[in-house]
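Structural features, examined
So the chains spell out like this:
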Amino acid sequence: MPPSNPPGPSGQRDSSRTANSASSSRRPPVRTSSALQPAFPPPHVWPPNAPPALSHDQTPDPLSPAHLHASSSWAFPALSPTARPLRTPSAHAPSFYSPGPRPSSYPASPGPGRAMPPPTSIRLPPGQPPGPLPPAPALNVPLAPTTSPESLLSSALARDAMMAYAYYLYDSPGPGRTPLGLTSVPILHTPDPHEDDSPDRVYRNRLLPLLLALRELHPNHVPILLLLACTYHALGDLEASLSTSHQILSINANYVEAMSNIGTTMKALGHTDKAYEWWWKALQIRPTYWDALLTRTRQDNVLSMTFALAHDSSDGARRLAYYRQALAVCQFVQRHVFDANGRLVVSLQPSEVPRLQRAIFTSGTIYTTLGPTHVEHAILEYTRAAELVIQPPLPRSEGEHYTFRDLLLAACAAGHIMCADSSSSGVPEISGVFQSDFTARLGDPTFDFLYVVRASGEQLLHALLHAGGGVLPTPLLLPEQVSRLAALLFPRSSGVFPAICVRGAAGDMRPPSELARQQTNGMTSTILLTLAKRFQDNVLGGMMLPGTNGTLRVSTSVIILLYYLALAWSPTPSTYNNLGIVLSGVTDRRTGADGELLDGVGLARMYYTAGLQMDPKHPHLLTNLGSLLKDQGQTEQAIKLYMKAVEQKPDFDIALANLGNAIKDVGRPWDAIAYYQRAVRANPTLPEAVCGLVNSLCSICDWRGRGAAAHETGVDDAGRVLPPALHPRPGWITNMLSVTDAQIAHGYAASVGAPALQTAMDECLRALAAAQGRALIPREVAKWQARFRRLAAGGEDRTQKRVNEAGFLIRFIDWVQPRMQRQWYIKAYGKTLAVEGAVATSEENYDNMFLRPTLPKTLQPPPVPSVLPFHTFTYPLTPRVTRLVPHRSALRISYTAFAQPWLPKHVYRPPRPPVGGKINIGYVSNDVNNHPLSHLMQSVFGMHDRARFNVFLYTTSPWDGTAYRPRIASMVENCVDVSSWSLNTIVDHIMQHEIHIRMRLSSLFSCWNGEELTVSLFLVSVYVYVSGAWTAVINLGGYTKGARNDIFAARPCPVQMQLMGYAGTLGAGWCDYLVCDPIACPQELSAVERWRDMKKETASKPGAAADAEVPLDLDADIDPETDSDAWIYLNDRIPVHSMEKFMYMPHTFMVTDHKQSFRGDDNLEPEERAQVPVETLWLDEERRRADARKQLFPDIPQLTCGTTASGQLYKIDPGIFLVWLRILRQVPRSILWLLRFPGAGEEHLRRAATMWAGEDVAARIRFTDVAKKDWHVFRARVADLFLDTAECNAHTIAADVLWTGTPILTWPKHKHKMCSRVAASMVNATGFGAQMTVHSAEEYEARAVALAQSVRYVPHHEPSGAVLPRGEGELVALRRNIYVNRDRMPLFDTRRWTRNLERGLQEAWRRWVHGTQYELSDEWEACDGDEKASGCIWIRDDDPVEITRIDG
């Protein structure tokens, strides 16, 4: 499931989580606010000392980048100018203000920009609850005093009291206000309810007369003039405001508040150039005059105006120039507050600290806007902004100059100490760094933790890096432990950032006001979250943290620590959400206080829950918690949470897509369509929504708006057919193709960084030497070093050159593990294929000799496309994408396996040699229940030769209560239900039983519904039927639902292979062989076969490879990422597809069990049936067919030809459906029999048939419901011909149909798609394949029509007097041959198939032991066997096939 990502502080978007298939990482798009369009001064009017002038383009561009303008809360309505002097120790500070903190009701500035302050803009003192205030009372001060003004108002005390009242009138005009001034006695006033107390009236009738009177008495009192200028501005008298501000400057020429107000007024007058001059002049006089620089609540300042101009510029160069101008301003300010070493040189009031942080943070944000080459500068600025608050106020000692590194190390150490308190082992390395009482003193107010960390020098860093394997180890903290983190890091200030505290005479730290504390906490949290987001970007993979001298790398643990710190000071639901996303991908574990084992997923759930406690309606938290529950199998609960999220945010694209996925997964894809459509409307490029919509629409054959890929039949918005064309036509299918291409390209962005790459190369060279059993020669070393140099040189053109750095490192580990296992085996037992008696495990310890290369800690989980591997069977994807979709999934599975904390550092120990030659084979399957895979294979397990094999069966799903599993378990000596076992436990069990070969049984039937199987039949003048469709460890699961590929990725067995259900490449290095046949998988499609061809071509052209770029191949294992013609296509343009080697079965790779399980039609055992005359067998079968047809279609004449098609409707595509309709039209007395699988597809197919072929043809399409297995097989004989689907053939249904004698017409459409060639393989194993296989759509149509028209019926009079129509013609003869010979066909000879498989398993074991399995190994170079010519295993079957062909 994709995670949900709400906006974080300062506009930062939430990070994303990667999961299986759908689980991959995803962020909503950034929404930006509109920008202002002020004019800008030409270069010649800029002050001489100003930063370089900017050019200006007033043309608005709503699509231009607006990151700075929108993300830092600068775009607010205009406020009035500064009304009070700032409380700073300057020579011109007015006497009204005394040193010390400003009262909270008198902030530095009322903020920028609105023409009239709102009635609720008053600032409340700490502790005072917000609420409506009474109106400002009228003050009975006559304008024409009857007594001397000097006697009443000329004193300083009276002046200040009147000013206090004036400030109040300015801040809170309007009815219902209570006066709040400096006088000790409140002024009482009862407002007239009919009096107009609007802000304008209060200003004009109360405030202005009062200020004018005060100015008469105190003409040079700057605070009076400053407030008077603001009042004029608020009343719209801008000229009077300017005049008053200039009067202030005549009194004090350096009065920056007046300068700033002149700038604000100039901007209001439209003189933007003059505004900038005055703001810049104020900054030059006082660089820390924040109102002129930037504020959170106003945009009348230098930076906000510059950002607005950048946002509105349609010229990219000008936009960057504006940003550089803003950056120069920020740097000007920093040069005046920091020395050359970056240390603060000016004292700041607590309220100024977050404002300076914001200036530095803005500088960093500008750097990121200037392009990726400036990102490291941005990181430096962000870390400096964070460092500002962790240092105590001036003066400070040398040991108190704390750095960002100190903060991270302290947080990491404190976190692990808290974990140790919860019965976890913590990090023992820490104890050797500090004094013995360190842990006990942590949190003591007299103990300065950061001082101790800084004093430890490099010791603590090295101890933590050693514990984390080169990066900081991740402390897995509970939410309540995170809340304690601030007090542990800064105990002297009780968790308050030291920089905003005041140092007492005794050295104690006195806390600031609550307002300053909240502002600092919020700003610091924004900085930390921004750093976390930057570090999560793939482009920063492997970068070193500033100030660490190249010793501390960015890693997931650093990101988690940043989230912890942000939560410790400013907990928000969004931060809980983002931290949960990151934690959900962590594989580390810890023990909680109650002894419960906690992993990243468990902790993620805790953080999601904690966030929902703050905001129970938070849509992102609801969505991500739902995704977590869905991954744990609680789909119904997940649906409820998704529903709640959508209720809160109806256009929430990720929640809608996840809701659609969940509903689809519970078997209702038609109900999911509406949610996918809403998600796509909200975000047309959201991969999960796009791909989910395509899958659901295809499942019910609603093709309207599909569009068309190139050379494919498509459908327009109205449902009309689009004939094949050279170029694609837009629609939802092409949208899916574009999204998938983009996701494939995104996989090239990740980089682990040069230092990690160097370490990885060293480990890989060591592993290579161990795998070879000798030192590498210089030529070999140079070859591998060249590959790593190409990785390091990938740069920005990785996508163009198809350099998948993460993929290469993961592939290498997959590739080298079995080679190292073999070398271990050789050292321990020699090249021994078998032993007479059990041998002891070698006493020698080879663990340290065969160390598995480790993945760099900086490597993030590889992204996975939203198109699932199984869906590639029916989508019109290119051969390269068809290969890369499963390959990227395999990389993710391997990454997850290699990241498990329990995985040993060495490769798994190989099994001992087989005793008496008996190989231990293990099958792994999720489908040992009432499932097609069990239907087909149930007898195989018992037919294995127990003199040569020990059989283990691992079932990864619970028993469904049917008879299949007990029946299969009775045939296997070792049947183990591991559905509730952890991966670690399963692997340990395999190791204990020393499996030699593990087989993966994959099911093609991911939509199998257990009790009933859908079947669809197509009827034409005869009837036509169309389908939808260990170790050695043997994988029977593929990429189907519930498959446990992680077992194979851990590589507990030396030989692993894929068998049956999943008809395609796994694209995985952990699968050695794909059991197939030459028809299903042509030899030239194997990568190792293409490598042999390339090797010959290179040998014939010695100089050809000299100038070629070094390929990222692993010897003969060609890099699957490349798209060069030499790899993707052969000279005859055949696409290379499979990464596995092929184990070729002699007849067909598909095994069936019908000969044992479905003999109820004639109730004859094979021996009995062989004695019955052919004519008798056939006559009895024709009677059964006639009776079944009457039962199934009582209204259809017996002479009607019945064709059947596709089991599951998702296999039908517009092209093949159009062919079927043309066949119906040419064979008038025919019907097409389809299945309601699902039922929602019937209306769409009928609508398409009516539109494309007319009412008459559409009326001849018949739908039936799904059936129980026995009746399903029996009724398949009703059809005259089974019309196969082309993109993905019938598989199990093809076997069912052929068992009843019904012929199949199949078209192996794609050479590179095994799933489209399965039926051709199966019909070949009947002995009559040539009559049932075609090679084009035109031949398909012509052959179907010819077969249907060949049928004629002759009446046969039964002894009972009934007339039985008996068929004649080519189609009937073909049916009779299939039916009569079924017991002799290789397709239904399960025992023969099992013996052939055993021959292949023994050969695979031999090649592994002898080392000839691996091309370019010393053993392979020296051998002269079959494996030298081909990497495929060709199984020979010399037993004759006794098919009796019956003519007539």
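Coordinates for the structure precede this section.
Below or above, wherever it landed, is the structure these notes cover. These numbers were taken from a predicted model, which means no experiment stands behind them.

Topic: the packing of aromatic side chains
Applying the stated criterion across every chain yields a total of 36 aromatic pairs. A centroid spacing of 5.1 Å and a plane angle of 40° characterise the contact between Phe873 and Tyr1062, whose relative ring orientation is tilted. Accessibility classification places Phe873 together with Tyr1062 in one group, the buried group. On the numbers, 5.3 Å between centres and 90° between planes, the contact of Phe1193 with Trp1233 is edge-to-face. Of the two residues, Phe1193 is situated in the loop between α43 (1174-1192) and β16 (1201-1205) and Trp1233 in strand β17 (residues 1230-1235); the sequence distance between them amounts to 40 residues. With respect to class, Phe1193 is no different from Trp1233; both count as buried. Taken together, the aromatic side chains of Trp703, Phe1217, Trp1220 and Trp1252 make up a single cluster linked through ring pairs. Here the basic side chain of Arg384 rests over the ring of Phe338, its NZ or CZ set 4.9 Å away from the ring centre. Here Arg1169 stacks its cationic end above the ring of Tyr1379, 4.6 Å away from the centre of that ring.

Looking at the nonpolar core
In this structure, Phe449, Leu489, Phe535, Tyr564, Leu583 and Met736 are the most contacted members of the largest nonpolar core, which totals 184 residues. The residues contacting Leu489, other than those within four sequence positions of it, are Leu407, Ala410, Ala411, Ala414, Phe449, Leu450, Leu565 and Trp569. Ranked by size, the runner-up nonpolar core spans 142 residues in total, among them Val907, Ile997, Leu1059 and Val1151.

Considerations on the pattern of salt bridges
Inspection of every chain in the model, using the stated rule, returns 69 salt bridges. For Lys630, the salt bridge goes to Asp665, with nearest N and O atoms at 2.5 Å. Linking Lys630 in helix α23 (residues 619-631) with Asp665 in helix α25 (residues 653-665), this pair joins segments that are 35 residues apart in sequence. Take Lys630: its relative accessible area is 14%, and that puts it in the buried class. With a shortest N-O distance of 3.2 Å, Arg1184 and Glu1181 are connected by a salt bridge. Residue Arg1184 and its partner Glu1181 are both found in helix α43; the two are separated by 3 residues, about one turn of the helix. Accessibility assignment for this pair places Arg1184 and Glu1181 in one class, buried. Each of Arg1159, Asp1161, Asp1162, Arg1169, Glu1181, Arg1184, Arg1277, Arg1382 and Asp1383 takes part in salt bridges that share partners, so that together they form one network.

Reading the values: rules and limits
- Residues numbered from 1 in each chain as written.
- Predicted model: local features only at pLDDT ≥ 70, side-chain atom pairs only at ≥ 80, totals over all residues.
- Heavy atoms only, no water.
- Phe/Tyr/Trp six-rings, centres within 6.5 Å; stacked < 30°, edge-to-face > 60°.
- Buried < 20%, exposed > 50% of the residue type's maximum accessible area, 1.4 Å probe, protein only.
- Helix = DSSP H or I, 4+ residues; strand = E, 2+ residues; numbered from the N terminus.
- Lys NZ or Arg CZ within 6 Å of the ring centre and 35° of its normal.
- Core = buried A, V, L, I, M, F, W, Y, C linked by side-chain atoms within 4.5 Å.
- Contact = heavy atoms within 4.5 Å.
- Salt bridge = Lys/Arg side-chain N within 4 Å of Asp/Glu carboxyl O.

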